[in-house]
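Working through the structure, step by step
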Amino acid sequence: MYELETALALLPSSGSAVPWTVDRVLRNLLIDVTGNTHRAEFCIDKLYSPDSTAGRLGLVEFRAFEMPPHPRMSLTQQLLVRALIARFWKQPYAQRLVKWGTALHDRFLLPHFVAQELRRSAR
């Protein structure tokens, strides 16, 4: 979290920075455990890299999303991402990051799966 907070503080609040600022500030945070940017959950290799024109396509790849089993679920994912982008484009998040740790999982996911297992074993 410390590295992410530091990187986000380096991003300018307006469009006055050079186009590849996002690439240079976030590149080393958006990697997998082996240091590979192509397998990271968010891949910005093709957003705006100053290294080559192939890296200046304006693309962000969201690899954390799995292929949904139904087209409507895919549409829901796409709408969620577009809504978040539109929201943060209009009003960027400038507050300090919340350090959730495992609280999100423990509070929201864990009770669901525990209850599911209990119902399954009660049969």
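From a predicted model like this one, the values you see are computed outputs, not experimental measurements.

**A look at the pattern of salt bridges**
Across all of its chains, the model carries nine salt bridges by this definition. The closest approach of N and O atoms between Asp51 and Arg24, which form a salt bridge, is 2.7 Å. Of this pair, Asp51 sits in the loop between strand S1 (42-43) and strand S2 (61-62) while Arg24 sits in helix H2 (residues 21-26), and the two are 27 residues apart along the sequence. Residue class for Asp51 comes out exposed when judged on its relative accessible area of 60%. One network of salt bridges, in which partners are shared, links Asp23, Arg24, Arg27, Asp45 and Asp51.

**Considerations on a nonpolar patch on the surface**
A contiguous nonpolar patch, built from Leu80, Leu84, Phe88, Tyr93, Val98, Trp100, Leu104 and Phe108 and spanning about 780 Å² of accessible area, is present on the exposed surface. Those elements giving two or more residues to the nonpolar patch turn out to be helix H3 (71-90) and helix H4 (103-122). The element contributing the most residues to the nonpolar patch is H3, with three residues. Along the chain, Leu84 falls in helix H3.

**Considerations on the side chain of Thr21**
Within the secondary structure layout, Thr21 lies in helix H2. The contacts of Thr21, once residues within four sequence positions are left out, are Leu11 and Pro12.

**Overview of the packing of aromatic side chains**
In this structure the tally under the stated criterion is three aromatic pairs. Geometrically, the ring pair formed by Trp20 and Tyr48 is stacked, given 6.4 Å between the ring centres and 20 degrees between the ring planes. Residue Trp20 is found in the loop between helix H1 (2-10) and H2, and its partner Tyr48 is found in the loop between S1 and S2; the two are separated by 28 residues along the sequence. Between Phe62 and Phe65, the ring centres sit 6.3 Å apart and the planes meet at 65 degrees, which makes this aromatic pair edge-to-face. Among the residues examined, Phe65 registers a relative accessible area of 36% and is labelled partly exposed. Taken together, the ring pairs connect Phe42, Phe62 and Phe65 into an aromatic cluster.

**A closer look at the side chain of Ser49**
Among the structural elements, Ser49 can be located in the loop between S1 and S2. Setting aside chain neighbours within four positions, we find Ser49 in contact with Asp23, Arg24, Arg27, Gly55 and Arg56.

**Brief notes about the environment of Leu47**
Within the secondary structure, Leu47 is located in the loop between S1 and S2. When the C-alpha positions of Leu47 and Glu5 are compared, they lie 21 Å apart, and in sequence the two are 42 residues distant. If sequence neighbours within four positions are ignored, Leu47 has contacts with Val22, Gly55, Arg56, Leu57, Gly58, Leu59 and Val60.

Conventions we followed
- Residues numbered from 1 in each chain as written.
- Predicted model: local features only at pLDDT ≥ 70, side-chain atom pairs only at ≥ 80, totals over all residues.
- Heavy atoms only, no water.
- Salt bridge = Lys/Arg side-chain N within 4 Å of Asp/Glu carboxyl O.
- Helix = DSSP H or I, 4+ residues; strand = E, 2+ residues; numbered from the N terminus.
- Buried < 20%, exposed > 50% of the residue type's maximum accessible area, 1.4 Å probe, protein only.
- Patch = residues over 30% accessible without salt bridge, like charges linked within 9 Å, V, L, I, M, F, W, Y side chains within 5 Å.
- Areas by Shrake-Rupley, 256 points an atom, 1.4 Å probe, with all protein chains shown as cover.
- Contact = heavy atoms within 4.5 Å.
- Phe/Tyr/Trp six-rings, centres within 6.5 Å; stacked < 30°, edge-to-face > 60°.

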